[in-house]
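# Structure assessment
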Amino acid sequence: MRAFQLTANVCGVAATVCRSSGGGRVVSQVRSLAHFFSSYRNEGLQVNNNNTMKKMNSSSGIHNTWSYCSEQLPTAATTTLFVARRFAGHSKWANIKHQKGAADKKRALLFQKLTNGIAVAVKKGGSDDPNANPALKTAISAAKASDMPNNKIEQAIRVGSGAGKETKEILFEIAGPGGSQFLVFVEATSRETVRPELQRIVNKHGGSIGKDGSAMWAFSKQTEITVSLSEDADPEELALEVDAEDVHNGEEDGEFKLICGFEDGGRITSMLEEFEVPVLDVQPVYTITSAAAPSPTDLKAIKLLERKFEDVDDVSQVVVNLEE
């Protein structure tokens, strides 16, 4: 439908040009043509040989109208219609190309995040075998669910095991608007490879990159252990038995997340293995201990800043002290 609007607009311009040249008959015909396309866009109408309007449901309407206009209108008006048709088609292709480019960029960004997640899981888990590394198994499952090719998954595993370019997890602590505090985790070869991009973001959207501990004070570092339990098992009783601080439901049926102190993660994981409780994943988490209380304006700025950080290729995780 956008093509009809563009054609009507171009015909309107042609009418103005023809009027300035003294072509009164051409002005009238081109204006009629512009009116036709505007009407067709809104109601699906067609011009017949008697120059009247009737309802049109056939896809041949455009072809019949073009033939009629080519026979009836002077060369100047016909050329205007031809240019308008070509212009409308170009606009349609430009829109398709733009949409495809945006989708490709989003897909590439997703694959980069998944690659970082796999590499980090290999390093933290100390194994490139998914059966011996629950975190890696989870990361691979997430990659496959997003249709990430197997060769890219294998490459990410090699990077994590040291076969590729050596990277490490780096934490940037950033103060944002409205009392917000950000923990931005990146997977990179060094701080200097990522810092310029993060600095550009805070310069434009507000905030400042701080020293170690400048934002961590607003969080408590803990361990989150995801387990699978049978229907007759009591997750709260299990949490008490292994001395976990909290427990809540996981993403899937039968999955539960045990929360404990960061230093207690290894001890509790070993206890769960002794109890033959399937451990699906072990991850550090950052619980908010001092939440920001931003104004509505600052809240929008914080959300924008969070999205900008997440869009950086090497960023693997962004944590902000905002309560949902």
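Here, every reference points to the structure presented above.
The sections below set out a description of the structure shown in this document. (Residues numbered from 1 in each chain as written. Predicted model: local features only at pLDDT ≥ 70, side-chain atom pairs only at ≥ 80, totals over all residues. Heavy atoms only, no water.)

This next bit is on the pairing of strand β6 (residues 219–228). In terms of burial, β6 is a largely internal element, seven of the 10 residues being buried. In this structure, β6 lies alongside strand β9 (residues 279–288), joined through nine bridges in antiparallel fashion. Bridging across to β9, Lys221 finds its partner in Tyr286. Across seven bridges, β6 lies against strand β8 (residues 255–261) in antiparallel orientation. Within β8, the position partnered with Thr223 by the bridge is Cys260. (Buried < 20%, exposed > 50% of the residue type's maximum accessible area, 1.4 Å probe, protein only. Helix = DSSP H or I, 4+ residues; strand = E, 2+ residues; numbered from the N terminus. Pairing = 2+ DSSP bridges.)

Mapped onto the secondary structure, Glu255 falls in strand β8. Buried and unpaired, Glu255 has Lys257 as its nearest opposite-charge partner, separated by 5.6 Å. Those residues within four positions of Glu255 in sequence are excluded, and the remaining contacts are Thr226, Val227, Asn249, Gly250 and Leu280. (Lys, Arg positive; Asp, Glu negative; His and termini not counted. Salt bridge = Lys/Arg side-chain N within 4 Å of Asp/Glu carboxyl O. Contact = heavy atoms within 4.5 Å.)

Taken together, the side chains of Lys204, Lys303, Arg307 and Lys308 define a basic patch exposed on the protein surface. In terms of residues, the positive patch owes the most to one element, helix α10 (residues 296–310), which gives three residues. Structurally, Arg307 can be placed in helix α10. Owing to a relative accessible area of 46%, Arg307 belongs among the partly exposed residues under this scheme. (Patch = residues over 30% accessible without salt bridge, like charges linked within 9 Å, V, L, I, M, F, W, Y side chains within 5 Å. Areas by Shrake-Rupley, 256 points an atom, 1.4 Å probe, with all protein chains shown as cover. Charge placed at Lys NZ, Arg CZ, Asp CG, Glu CD.)

At a minimum axis distance of 10 Å, the contact between helix α7 (residues 195–205) and α10 shows a crossing angle of 160°. By the angle between their directions, the pair α7 and α10 is classed as roughly antiparallel. The element α7 and its partner α10 pack so that their crossing is right-handed. Contacts from Leu198, Ile201, Val202 and His205 in α7 reach Leu304, Leu305, Lys308 and Phe309 in α10. Considering only residue class, the contact of α7 with α10 consists of six nonpolar, one polar and one charged. (Axes fitted to C-alpha atoms, helices over the stretch in contact; angles between N-to-C directions. Parallel < 35°, antiparallel > 145°, perpendicular 65-115°, else oblique. Left-handed = near helix turned anticlockwise from the far one by under 90°. Nonpolar A, V, L, I, M, F, W, Y, C, P; charged D, E, K, R; others polar.)

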